Amino acid sequence: MAKRRRKRALRPITAPFTVAAPAGARIRDRLRLSAADAEVLTLVGSHLGRHQRADLAARVAIGQVPVKRNQRAARKEALTAVSSSRWAGAMTRVSEDQYQLSLRCLYDEAAGLRRAIGTIERRLAVPCQKRVGKVRGYADQNERFHKQRRLLALKTRLAAVEARIASGRPAITTGGRRLLKARHNLAESQLTEAQWRRRWEASRLFLTADGESAAPFGNYTITVDPNDGTVSLVLPEPLRHLANAPRGRYRLTCTVRFSHRREEWMDRVTANRAVRYDIAHDPARGRWYLDASWSTDTTVLPTPEEIRASGTRMLSVDLNADHLAATVLDEHGNPVGDPITIPLEMTGPTGRRDGRLRAAVTRLTVLAHEHGCAGIVIENLGFDDARATGRETMGRGRHGKRFRRTVAGIPTARFRERLRGMAYHQGLIVIAVDPAYTSIWGEKYWKTSLQQQTQTTVTRHHGAAVAIGRRGLGHRVRRRPGVTAPDQRIGQRRATGQTAPLPRPRGTTSPPRTAGTPHQGAKTRPRRGDQLVLFPDLEDRTRGHQAPTGPVHGDLANTGQLP
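Residues numbered from 1 in each chain as written. Predicted model: local features only at pLDDT ≥ 70, side-chain atom pairs only at ≥ 80, totals over all residues. Heavy atoms only, no water.

Chemist: Help me understand the packing of helix 2 (residues 72–80) against helix 3 (residues 85–124), please; the structure alone is not making it clear to me.
Modeler: For any two helices packed against each other, the geometry comes down to the angle between their axes and how far apart the axes lie. Put simply, helix 2 and helix 3 touch, their axes get as near as 8 Å, and they point 135° apart. Classified by the angle their axes make, helix 2 and helix 3 are oblique. Remark: the crossing between helix 2 and helix 3 carries right-handed chirality. Touching Arg72, Arg75, Lys76, Leu79 and Thr80 of helix 2 are Ser85, Ala88, Gly89, Met91, Thr92, Arg93, Ser95 and Glu96, all from helix 3. Considering only residue class, the contact of helix 2 with helix 3 consists of 3 nonpolar, 5 polar and 5 charged. (Axes fitted to C-alpha atoms, helices over the stretch in contact; angles between N-to-C directions. Helix = DSSP H or I, 4+ residues; strand = E, 2+ residues; numbered from the N terminus. Parallel < 35°, antiparallel > 145°, perpendicular 65-115°, else oblique. Left-handed = near helix turned anticlockwise from the far one by under 90°. Contact = heavy atoms within 4.5 Å. Nonpolar A, V, L, I, M, F, W, Y, C, P; charged D, E, K, R; others polar.)

In structure tokens:
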């Protein structure tokens, strides 16, 4: 007799949670500078950038030490002599942030390399074309040999990363390592040497001023007057001869007017609350920009249980590589209206991809308001582990390569951050759920029923969207049996499943008759077995199941009911 195959155990599914509100805000406006203003800003940014890079090198040389031993006070004092006290504070703060971020990147890279090494070692321990438990060996000796070489390369990279972590000195390239490497491939990057040089110098400018409360309009180093929009900044000590305003300041000839979220910015600057300003230069377009950013107060958002108790609709979204599949669900988890497909083409430059992503998120917020939804339900996706071990767990050959490229192209983190900020400002709540089995169960239980209700084409992704929304609302993904029917004539039936099992006293009638149970009585002559006995006689346990001994027609007395 063949041994029965054990069913694969399902992994635990985490509870849904409300995505936190954004911790800050950032807005941008263009600076229409004159030639003299652009020259002054370039001199100031180059001067400060040179000293900030020297401070960063000094911070890296100190290594990984406690905060009290990072010598920030001494470094700030040395920078104050060549800039100002507030410029020096911003430079030392940026150096510390860059150092800590680089260390976190090293730790993440080491964790990813260890996962990839462990996966390859487990597969190498299994003979070719064999399987031991859940681990499968490689297809042939050729693939096994190449994996052994890749294992050595990964171990070499891991040793180098661990050495950098042990020394506490990460490699940091101000301006970006990608732009630095493009210098050796100008033809491939479609840049001339002069164009590359302008981009490189623009990326190494330092024009960042941290805000401070009680300072004029929230920032003394770079000040924006909300009354007339004039911008002025403090010049470093060696460049004070360029000042055209009192106290060693330089006032730009242009003005700014933040259109996006202007009311929030005005509330802060008029109350002298801290606002940080960054001046950036885009040499490709020949434009200068001023960014304003600030931290927001902590907002307590409703939990998924509170949203469910309110009885409002939700818009559930399934994120894919080239589109968004969305459905509207009512408070009971039932789909409302036709499934929705929003195209999402993530190709081209970074700015174009970000613009298309913003347009798709805007479309989601508009749909949520049109259908009266209280929020949006998404998956809490993260492909960090999959990307680290993708070559071993996502197929092989052309198909596996194409699939890995598709997974790498899904903008999970960027989509979540964009949706969180834009939905919050539109008054919508974002709920994140565990993505386990949503595509499988959505296609199995919801794709066919969705297709029966609409004339549009329904894919498995729309079924996954329903599964995501039901999980966010606290309902089970699987449909209750006997609720719906494909034909309208036989669709008037009652549900046979129960949301919670109720105890039945011993001796009562059998469970309610399901749709598949044949009716044993005539159309106008119900049998006593079809009557629901609320309080049966416990002595006669066969009551309600016996065949009638006399005629079943007549008055109410013949049915055992009181007149």
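Chemist: Help me understand the packing of aromatic side chains in this model?
Modeler: Here the distance between the centres and the angle between the planes together describe a pair of aromatic rings. On inspection of all chains with the given rule, the structure shows 3 aromatic pairs. Considering the side-chain rings of Tyr437 and Trp441, the 5.1 Å spacing of their centres and the 25° angle between planes classify their relative orientation as stacked. Classification of Tyr437 as partly exposed rests on a relative accessible area of 23%. Directly above the ring of Trp196 sits Arg183, whose terminal nitrogen or CZ lies 5.8 Å from the centroid. (Phe/Tyr/Trp six-rings, centres within 6.5 Å; stacked < 30°, edge-to-face > 60°. Buried < 20%, exposed > 50% of the residue type's maximum accessible area, 1.4 Å probe, protein only. Lys NZ or Arg CZ within 6 Å of the ring centre and 35° of its normal.)

Chemist: Please clarify how empty space enclosed by the protein should be interpreted in this entry.
Modeler: Picture a little ball the size of a water molecule; that probe, rolled over the atoms, points out where space is still empty. In total, this model carries 2 cavities of 30 Å³ or more according to the counting rule given. Of the pockets and cavities examined, the largest cavity occupies roughly 70 Å³. Contributing to the lining of the largest cavity are Val317, Asp318, Leu319, Ile378, Glu379, Leu381, Thr412, Phe415 and Arg416. The set of elements that each furnish at least two residues to the lining of the largest cavity consists of strand 11 (313–319), strand 14 (373–379) and helix 14 (412–425). Across the lining of the largest cavity, the residue classes break down as 5 nonpolar, 1 polar and 3 charged. A volume near 50 Å³ is recorded for the second largest cavity. Around the second largest cavity, the lining residues are Val19, Ala20, Ala21, Pro22, Leu301, Arg420, Ala423, Tyr424, Leu428, Ile429 and Val430. Listed by contribution, the elements that provide at least two residues to the lining of the second largest cavity are helix 14 and strand 15 (429–433). By residue number, the principal contributor to the lining of the second largest cavity is helix 14, which donates 3 residues. Looking at the lining of the second largest cavity, its residues break down into 10 nonpolar, no polar and 1 charged. (1 Å grid on protein atoms, 1.4 Å probe; cavity = no way out; pocket = protein on both sides within 12 Å on 5 of 7 lines; lining within 4 Å. Points joined across faces, edges and corners; volume = space filled by probe spheres on them.)

Chemist: So what exactly am I meant to see when it comes to the layout of surface pockets here?
Modeler: In this structure, the largest pocket occupies an estimated 1100 Å³ of space. Together, 33 residues line the largest pocket, and Ala202, Ser203, Ala280, His281 and Asp282 are the ones closest to its centre. Counting only elements with at least two residues in the lining of the largest pocket, the list comes to strand 2 (24–31), helix 1 (35–62), helix 3, helix 7 (193–203), strand 9 (276–282), strand 10 (287–295) and helix 10 (350–370). Per-element tally for the lining of the largest pocket: the top contributor is strand 9, with 6 residues.

Chemist: Sorry if this is basic, but what is going on with the pattern of salt bridges here?
Modeler: Note on pairing: side chains with opposite charge can pair once their charged atoms come close. Within the structure shown, the criterion is met by 22 salt bridges. With its nearest N and O atoms 3.0 Å apart, the salt bridge here joins Asp354 to Arg358. Within this pair, Asp354 and its partner Arg358 are both found in helix 10, separated by 4 residues, close to a single helical turn. Under the relative-accessibility criterion, Asp354 is labelled buried at 15%. One salt bridge in this structure joins Glu443 and Arg460, with 3.1 Å as the shortest N-O distance. Of this pair, Glu443 sits in helix 15 (residues 438–445) while Arg460 is found in helix 17 (residues 460–472), placing the two residues 17 residues apart along the sequence. Take Glu443: its relative accessible area is 33%, and that puts it in the partly exposed class. (Salt bridge = Lys/Arg side-chain N within 4 Å of Asp/Glu carboxyl O.)

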